[in-house]
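Spelled out from the first residue to the last, the chains are:
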Amino acid sequence: MKRIPFLDSHTGGEPTRLIETLPFDLGAGSVADKLSRLKKDHDDFRTTVLNEPRGSDVLVGALLVEPADPTCQLGVIYFNNVGYLGMCGHGTIGLIASLAYLGRVHPGTIRVETPVGVIEATLHSSPLPEGEGLGVRAGKYPNKVSVKNIPAYRHLTHVPVTVDGKTIHGDVAWGGNWFFLCHDHGLDVNMSNLEALTDFSWRVREQFTANEITGANGADVDHVELFASTPEADSKSFVLCPGKAYDRSPCGTGTSAKLACLYADGKIVEGQIWKQQSVVGSIFEGSVQIEGKNIIPTITGEAWVMSEGTILVDERDPFANGI
């Protein structure tokens, strides 16, 4: 019987499953190297941890690994029901809040090596009544995190895609994952319209894939983001993830891609706060810094630890490695 301890959190409604130890060795090298070995030799670990019957399509895994970069305190690999993610904004917020709950990190800035580069996560102090402590025993922990992401940029502008005779337009942008960001879809972005939003976004993805619309160097554009107006924030979005599940959070890498497009269009300036609301109502605050020619997004949100336990893997179980 294999045992895999886990700690679950959610960031704006989107869950993250933290795994701190592996039952196998990924060897030396960068986090990108370790991801390559995990994908090639141990992909059943991903499906075991995340897929049914133990997990669900919406769950994202965060696997802690040793960083190769000596300036980093942590290394992390993110994965979902169908594969692996370059970066994950909500997952990083969930990771840091979870480690704060465990007493492994304290307020301040933590450098994290991801497969696509080094990010900085700042755990903010939590104001508590005098005499109250933090951590597992106290039942309280700092849970607000800002993620200074890798550089984001727009690759393609106002790309037309036709679905059911209707032509919409989107920007292709990078924020740690590749996104097709669309404003002129004409759909209501709300919880009562999830089925239509999911179906439309998936058909948009199928169409731009068939049209060979890609990210840089032919990269697969595997996220679709539909935007709308809302009185509660600067923008509201529906984000369809690669496995056809929608993001319950405002999506950290998607908001990063959005910020890069806004800055390129002159609609925000350096340091300006942009509030991005998810389809479930949660909000991230985002802004950009300009370093040389790079647009550096920072996303701020909150995460809550919600469950902990141990995955049990019985080798006799026909679905031990997930469905």
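Scroll up for the structure.
Since the structure is predicted, the reported quantities are computational estimates derived from the model, not experimental observations.

Turning next to empty space enclosed by the protein. Using the criterion set out here, one finds one cavity of 30 Å³ or more in the structure. Put simply, the largest cavity is a space of about 170 Å³. Around the largest cavity, the lining comprises 24 residues; the ones closest to its centre are Glu 14, Val 60, Leu 85, Cys 241 and Asp 247. Those elements giving two or more residues to the lining of the largest cavity turn out to be α3 (89-101) and α5 (252-264). Grouping the constituent residues of the lining of the largest cavity by class yields 11 nonpolar, 10 polar and three charged.

What follows deals with helix α2 (residues 43-50). With six of its eight residues buried, α2 lies for the most part within the structure. Along α2, the residues that are buried comprise Phe 45, Arg 46, Thr 47, Thr 48, Val 49 and Leu 50.

Next up on the list: the side chain of His 185. Summarising the element assignment, His 185 is placed in the loop between β11 (178-182) and α4 (194-210). Take His 185: its relative accessible area is 2%, and that puts it in the buried class. Reaching out from His 185, the side chain makes a polar contact with the backbone nitrogen of Leu 187 at a distance of 3.0 Å. Excluding its chain neighbours within four sequence positions, the residues that come into contact with His 185 are Lys 166, Ile 168, Phe 200, Leu 226 and Phe 227.

Let's shift gears to the nonpolar core. Core analysis: the largest hydrophobic core is formed by 64 residues, its most contacted members being Ile 96, Phe 180 and Phe 238. When residues of this core are assigned to their parent elements, the largest contribution, seven residues, is made by α3. Formed by 19 residues, the second largest nonpolar core is a distinct cluster that contains Leu 59, Ile 77, Phe 79 and Ile 311.

Now for α5. Compared with the 18 Å implied by 1.5 Å per residue over 13 residues, the 18 Å span of α5 between its first and last C-alpha is a close match. Taken across its 13 residues, α5 has 11 buried, putting it largely inside the fold. Every buried residue belonging to α5 is among Gly 252, Thr 253, Gly 254, Thr 255, Ser 256, Ala 257, Lys 258, Leu 259, Ala 260, Cys 261 and Leu 262, and all of these are buried.

Moving on: the environment of Asp 25. As for its position among the elements, Asp 25 is in the loop between β2 (14-19) and α1 (31-41). Its relative accessible area of 66% is what places Asp 25 among the exposed residues. Taking the C-alpha atoms as reference points, Asp 25 and Arg 37, 12 residues apart in sequence, are found 9.5 Å from one another. A polar side-chain atom of Asp 25 sits 2.9 Å from the main-chain amide nitrogen of Gly 27.

Attention now moves to the pairing of strand β15 (residues 283-291). Where strand β14 (residues 274-277) lies against β15, four bridges are found, and the strand directions are antiparallel. Pairing of Gln 277 across the sheet is with Ile 283, part of β15. Two successive antiparallel strands, β14 and β15, enclose a turn made up of five residues, where Gly 281 displays a positive phi of approximately 110°. The pairing of β15 with strand β16 (residues 294-313) spans seven bridges and is classified as antiparallel. Note that in β16 the partner of Ile 290 across the bridge is Ile 295. Remark: two residues form the turn of the hairpin made by β15 and β16, two consecutive strands paired antiparallel; Gly 292 in that turn has positive phi of roughly 65°.

So, about the side chain of Ser 9. Inspection of the secondary structure puts Ser 9 in strand β1 (residues 2-11). Here Ser 9 falls in the buried class, since its relative accessible area comes to 1%. Ignoring any residue separated from it by four or fewer positions in sequence, one finds Ser 9 in contact with Glu 14, Pro 15, Thr 16, Gly 94, Ser 98, Trp 304, Val 305 and Met 306.

The subject of this paragraph is the layout of surface pockets. Space inside the largest pocket adds up to approximately 310 Å³. Taken together, 20 residues make up the lining of the largest pocket; nearest its centre are His 183, Phe 227, Lys 258, Leu 262 and Lys 267. Those elements that provide at least two residues to the lining of the largest pocket are β9 (153-163), β10 (166-174), β12 (223-228) and α5. Residue composition of the lining of the largest pocket, grouped by class: six nonpolar, seven polar and seven charged.

Another aspect to go through is the packing of aromatic side chains. Applying the stated criterion across every chain, the model contains eight aromatic pairs. Ring geometry for Phe 24 and Phe 45: centres 5.6 Å apart, planes at 90°, overall edge-to-face. With a gap of 21 residues between them, Phe 24 in the loop between β2 and α1 and Phe 45 in helix α2 connect regions that are remote in the sequence. Both rings, one in Tyr 101 and one in Tyr 141, keep their centres 5.5 Å apart while their planes meet at 85°; by these two values the pair is edge-to-face. Highlighted residues: Tyr 101 in helix α3 and Tyr 141 in the loop between β7 (117-123) and β8 (144-148), separated in sequence by 40 residues. Judged by its relative accessible area of 15%, Tyr 141 falls in the buried class. Through a chain of ring-to-ring contacts, the aromatic side chains of Phe 24, Phe 45, Phe 79 and Tyr 84 assemble into a single cluster. One cation-aromatic arrangement involves Arg 17 over Phe 6; the distance from NZ or CZ to the ring centre is 4.3 Å. Its end group placed over the ring of Phe 227, Lys 258 keeps NZ or CZ at 4.2 Å from the ring centre.

Calculation notes
- Residues numbered from 1 in each chain as written.
- Predicted model: local features only at pLDDT ≥ 70, side-chain atom pairs only at ≥ 80, totals over all residues.
- Heavy atoms only, no water.
- 1 Å grid on protein atoms, 1.4 Å probe; cavity = no way out; pocket = protein on both sides within 12 Å on 5 of 7 lines; lining within 4 Å.
- Points joined across faces, edges and corners; volume = space filled by probe spheres on them.
- Helix = DSSP H or I, 4+ residues; strand = E, 2+ residues; numbered from the N terminus.
- Nonpolar A, V, L, I, M, F, W, Y, C, P; charged D, E, K, R; others polar.
- Buried < 20%, exposed > 50% of the residue type's maximum accessible area, 1.4 Å probe, protein only.
- Polar contact = N/O pair within 3.5 Å; in protein donor to acceptor, adjacent residues only side chain to side chain.
- Contact = heavy atoms within 4.5 Å.
- Core = buried A, V, L, I, M, F, W, Y, C linked by side-chain atoms within 4.5 Å.
- Expected span 1.5 Å × (residues − 1).
- Pairing = 2+ DSSP bridges.
- Phe/Tyr/Trp six-rings, centres within 6.5 Å; stacked < 30°, edge-to-face > 60°.
- Lys NZ or Arg CZ within 6 Å of the ring centre and 35° of its normal.

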